[in-house]
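# What the coordinates show
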Amino acid sequence: MLARLMRPKHVASAHCDLPCGVYDPAQARIEAESVKAIMEKYAANEDPVFRSRALTIKEERSELVKHHLWVLWTDYFKPPHLETYPQLHQLFWDATKLAGAAGGKGTVDVAKADELLGKIDEISKIFWATKAA
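Computed from a prediction, not measured in an experiment: that's the story for all the values here. Along each chain, the written sequence defines residue order, and numbers are assigned to residues from 1. Reporting in this predicted model follows two pLDDT cut-offs: at least 70 for local features of residues, and 80 or more for side-chain atom pairs to be given and counted; totals over whole chains, interfaces and linings ignore these cut-offs and use all residues. Computation of side-chain values covers all heavy atoms of the structure but excludes hydrogens and water.

### Describing the environment of glutamine 27
By the secondary structure assignment, glutamine 27 is in helix α2 (residues 26-43). Only protein chains enter the accessibility calculation, which uses a 1.4 Å probe. A residue is then buried if its area is under 20% of the maximum for its type, exposed if over 50%, and partly exposed in between. Overall, glutamine 27 belongs to the partly exposed group, its relative accessible area being 35%. A sequence separation of 40 residues divides glutamine 27 from histidine 67, and the C-alpha atoms of the two residues are 9.6 Å apart. By definition, residues are in contact when any of their heavy atoms lie within 4.5 Å. Filtering out sequence-adjacent residues up to four positions away, glutamine 27 remains in contact with Val22 and His68. Each helix is a run of DSSP H or I of at least 4 residues and each strand a run of E of at least 2, with the numbering of both proceeding from the N terminus.

### Some details on the packing of aromatic side chains
Aromatic contacts are taken between Phe, Tyr and Trp rings whose centres are within 6.5 Å, Trp giving its six-membered ring; a plane angle under 30 degrees counts as stacked, one over 60 as edge-to-face, and the others as tilted. Inspection of every chain in the model, using the stated rule, returns seven aromatic pairs. Note on tyrosine 23 and tyrosine 76: the rings are 5.8 Å apart at their centroids and 55° apart in plane angle, and the pair reads as tilted. Taken together, the residues tyrosine 23 in the loop between α1 (2-6) and α2 and tyrosine 76 in helix α3 (residues 48-76) connect sequence positions 53 residues apart. In this structure tyrosine 76 comes out as buried when scored by relative accessible area, which is 3%. Centroid distance phenylalanine 77 to phenylalanine 127: 6.4 Å. Interplanar angle 80°. Geometry classified as edge-to-face. Of the two residues, phenylalanine 77 sits in the loop between α3 and α4 (79-84) while phenylalanine 127 sits in helix α6 (residues 110-132), which places them 50 residues apart along the sequence. Grouping residues by exposure puts phenylalanine 77 and phenylalanine 127 together as buried. Connected via pairs of aromatic rings, a cluster forms that spans Tyr23, Trp73, Tyr76, Phe77, Phe92, Phe127 and Trp128. By the criterion adopted, a ring carries a charge over it if an Arg CZ or a Lys NZ lies within 6 Å of its centre and within 35 degrees of its normal. In this structure, arginine 51 packs its charged tip against the face of tyrosine 42, placed 4.0 Å from the ring centre. Against the face of tryptophan 93 rests lysine 97, its NZ or CZ located 4.7 Å from the ring centre.

### Section: the environment of alanine 37
One can find alanine 37 in helix α2. Using a relative accessible area of 29% as the deciding quantity, one classes alanine 37 as partly exposed. Each C-alpha atom, one on alanine 37 and one on lysine 58, is 9.0 Å from the other, the two residues being 21 residues apart in sequence.

What follows is the structure in structure tokens.
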């Protein structure tokens with residue numbers, strides 16, 4: 001009797017935890033733009049205190065890029081997306097590597113930030129194509 005009373009009256013299902021409107025690659029892009037801007041400011045300034053602060057902030061922003069990318073990869077994209085866009089795994093692999101020690105966190109080379117932004121743009125195009133479907 002208790003089990004019958006506790007059973008939900010309505011069952012709902014969804015492919016994500018919240019409505020999909022919360023996902024957007026723009027979050028990763030904004031942080032990646034910050035990483036690039038910090039790299040440019042770092043290169044233009046010789047003050048060691050400024051440079052130290054810039055590196056700390058750049059590394060924080062790089063972690064945020066990785067976080068936003070991982071949320072998209074693990075929460076938004078599903079196996080059917082991967083069937084349609086088999087390059088997704090490699091794109092996310094490359095982008096998170098570029099945000100991490102191989103890029104945003106590990107260097108002040110603006111070219112690496114540009115590569116990261118390019119990967120985010122590719123992910124964004126696929127994301128918006130899946131949202132339109």
